[in-house]
Amino acid sequence: KKDFSKLTTTKDGQLLLEKAAHDQVETVWERFEAQQPHCGFCEMGLSCRICAMGPCRIDPFGEGPSRGACGADADIIVARNLGRMVAAGAAAHSDHGRDLVEVLAKVAQGKAPGYKIGSPEKLRTLAGVYGLEIEGKSDTELAADLAHAMEEEYGTRQERLTMVNRAPDPRLELWEKLGVMPRGVDRETSEMMHRTHMGVDNDWVRLCLHGVRNALSDGWGGSLIATEVSDILFGVPKPTKSQVNLGVLKEDQVNIIVHGHNPVVSETITLAASDPDLLALAEQKGAKGINLVGLCCTGNELLMRHGIPMAGNHLMSELTLVTGAVEMMIVDYQCIMPSLGSVATCYHTKMISTSDKAGFPQMEHREFHPEIALDLARELVKEAVENYELRNPDKVYLPVEPVEMYGGFSVEAILEALGGTPTPLIEAIKAGKIRGAVGVVGCNNPKIKHDLGHVELTKRLIENDILVLDTGCAAVANAKAGLKLPEAAELAGPGLKEICQALGIPPVLHVGSCVDNSRILVLAGALADALGVDISALPLAGAAPEWYSEKAVSIGVYFVASGVYTVLGVMPPITGSMNVVGLLTKGLDDVIGATFDVEPDPDKAALLIRAHIEKKRKELGLDA
Ligand code: SF4
Ligand code: WCC
Ligand code: FE2
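Only a predicted model underlies this, so the values are computations on that prediction, with no experimental measurement involved.

**Observations regarding helix H8 (residues 185-195)**
Phase 1: Those residues of H8 that fall on the buried side of the exposure criterion are Val 185, Glu 188, Thr 189, Glu 191, Met 192 and Arg 195. The buried residues of H8 occupy one face: seen down the axis, they fall within an arc of 160°.
Phase 2: Where the residues of H8 are buried, they touch helix H4 (74-108), helix H6 (139-153) and helix H9 (204-234).

Following this line, the structure appears as structure tokens:
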């Protein structure tokens, strides 16, 4: 019998892996195993298939070729590959942002029934950021103007993004000086694809610097737009109670899972799931209700704004179906394993894809457009309810109780908890009660025992009086471990514990989805402005202990580019160029005031981060 506790730290994960084996369902862990050993050239970033003279690879031991057919050496090949990872990640976040801007424009034109301006206040704040005429304008007029201004951000006609101006002045000056100021969201990604074409940018340093600019177009551009427009349409998150793990699925209810990233689909499903007619239909079919739950980041979006419970993170997505208790899974895009449709064939689960840009095998495609979204959402929920009759009770397995948690810590909510200004937080940091703050973010990856990296690192940090802000799958991991309850303050060091208890907040604050890492940037910027320093001077750090996606690469790069030291738990494919490794882990410090480190062991990663925070405190003269 296989020991599943080697693969995942979670009880629900271990039990459901056992059931998957029994049901003969193949999971990501088995497919990952079948890929071993990984190709050494690819692992080191030394293979190139950018053109048809290749594929080429460089021998890291210097015995075989040291150049590709075109003459590219290890530095060029590694830098090009890394650049394209940043471009793909930035494109994913930013295109998600664009989809929200389109909905905002349609709301303004009255063409999106089912959507509205959820936060007129935030609409006005953003209109201010863009310098729009606000006086005497209705919400819809303003929404039209703002959508138009944001569409411009994607283009090539400006010298710098408007959104970027929210970064502290010293950062802006630095980016300008280095020539990495992002100009257009699409432009930087497009230029990265151009530069990495054979025969264009063969200066690995310039390529890496453009990677910085490309990532900044995501963090302070596309991702920030995605976050802010989601807040405008669906409301600014406030602290909300919820629940997490597979126990949120209900034996006696119709279970619907939304999976993916864009709240445009999941928000209308939320509306439809509380439709009285559909609830009555569910009752007729013998169900006690309609239970909507989330997975990955679209789940985080709903959790942040409505307290919708969360079934799990990335590596749990297949296992949610293995419960046999899911009537329907509705997906949009990103991080949706193409295996899910085939897993679902073992059960009665209906699988629905909704985005014109994301098709999947063995799923039914029902395309969402703002014009028809609400009607389609109702149709889908109705079909899910009807599918309840086909559930086979013998196949249902829900062996765990959910864990309670709090989500909803937008920057606005954090400031409100502090009494309206960042001052109390700054005072607590100055007094050393809170030593610093760390964003623990990113994915799961079968290279790391599931959730171990996130949870152990987070525990080590809070024990040492470091406040943790988390997003994405890291946030779900920490929630499952019970760290998002005010009671978890007991696990914190004395200073952080005192602050959390006084404010009634957990020591680990759920800041949202992956695009909401932009909230961490905004908060870091606010702290820097309040102290009159650059972000790089603050006792802050980032960590992506279990990252897997290209989006995470872009996030890591924009964290560092914003002046935040960042520790990765998984090595990116760059070790084939010690020059690139040296630049990212050392050289960037002089250039941009922060670097990367790589450390898979969470205890050691915590030590690195603590040392960095203490160093920054000392430099600021805080403990003098
Ligand atoms: Fe080979 Fe150069 Fe073509 Fe890459 S770009 S595949 S190294 S010839
Ligand atoms: Ni965001 Fe990473 Fe999860 Fe996907 S959902 S797996 S990018 S952290
Ligand atoms: Fe390979």
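**What to know about unusual backbone geometry**
Phase 1: Residue Gln 36 is joined to Pro 37 through a cis peptide bond whose omega torsion reads -10°.
Phase 2: With respect to the element layout, Pro 37 can be found in the loop between helix H2 (28-34) and helix H3 (40-43).
Phase 3: Positive phi outside glycine occurs at Gln 24, with the angle close to 60°.
Phase 4: Mapped onto the elements of the fold, Gln 24 is located in the loop between helix H1 (11-22) and H2.
Phase 5: What makes Gln 24 exposed here is its relative accessible area of 72%.

**Considering the coordination of the iron ion (ligand 3)**
Phase 1: On the protein side, the iron ion (ligand 3) has Cys 39 (SG) and Cys 42 (SG) as donor atoms, found 2.4 to 2.6 Å from it.
Phase 2: For Cys 39, a relative accessible area of 36% gives the class partly exposed.

**Focus: the site of ligand 1**
Phase 1: Neighbouring ligand 1 are Cys 48, Ile 50, Cys 51, Met 53, Gly 54, Cys 56, Gly 68, Ala 69, Cys 70, Ile 77, Arg 80 and Met 198.
Phase 2: When grouped by side-chain class, the residues that make up the shell around ligand 1 number nine nonpolar, two polar and one charged.
Phase 3: Viewed by domain, the shell around ligand 1 spans two of them, domain 1 (4-57) and domain 2 (74-234), each represented by three or more residues.

**As for the coordination of the nickel atom of ligand 2**
Phase 1: There is one protein donor for the nickel atom of ligand 2, and it is Cys 514 (SG), at 2.2 Å.
Phase 2: Every donor counted, the four donor atoms about the nickel atom of ligand 2 form angles of 91 to 141° at the centre, which fits irregular coordination.

**Observations concerning the domain arrangement of the protein chain**
Phase 1: By domain assignment, the protein chain separates into domain 1 (4-57), domain 2 (74-234), domain 3 (246-395) and domain 4 (410-619).
Phase 2: With 15 residues of domain 1 in contact, the opposing surface of domain 4 contributes 12 residues.
Phase 3: Of the roughly 1,000 Å² buried between domain 1 and domain 4 on both sides combined, carbon and sulfur atoms contribute 63%.
Phase 4: Considering only the surface of domain 1 that becomes buried against domain 4, Thr 9, Phe 32 and Met 44 emerge as the three largest contributors, covering 40% of it.
Phase 5: Linking domain 1 to domain 4 there are zero salt bridges.
Phase 6: Across the contact surface, domain 1 and domain 4 share five residue pairs in polar contact (both at pLDDT 80 or more).

How each quantity is defined
Residues numbered from 1 in each chain as written. Chains lettered and ligands numbered in written order. Predicted model: local features only at pLDDT ≥ 70, side-chain atom pairs only at ≥ 80, totals over all residues. Heavy atoms only, no water. Buried < 20%, exposed > 50% of the residue type's maximum accessible area, 1.4 Å probe, protein only. Helix = DSSP H or I, 4+ residues; strand = E, 2+ residues; numbered from the N terminus. Arc of directions from axis to C-beta. Contact = heavy atoms within 4.5 Å. Donors = N, O, S within 2.8 Å, 3.2 Å for Na, K, Ca; no water. Near = heavy atom within 4 Å. Nonpolar A, V, L, I, M, F, W, Y, C, P; charged D, E, K, R; others polar. Domains from an automatic or database assignment. Tetrahedral: all angles 85-135°; square planar, octahedral: opposite > 155°, others 65-115°. Buried area = accessible area lost by both parts, 1.4 Å probe. Salt bridge = Lys/Arg side-chain N within 4 Å of Asp/Glu carboxyl O. Polar contact = N/O pair within 3.5 Å; in protein donor to acceptor, adjacent residues only side chain to side chain.

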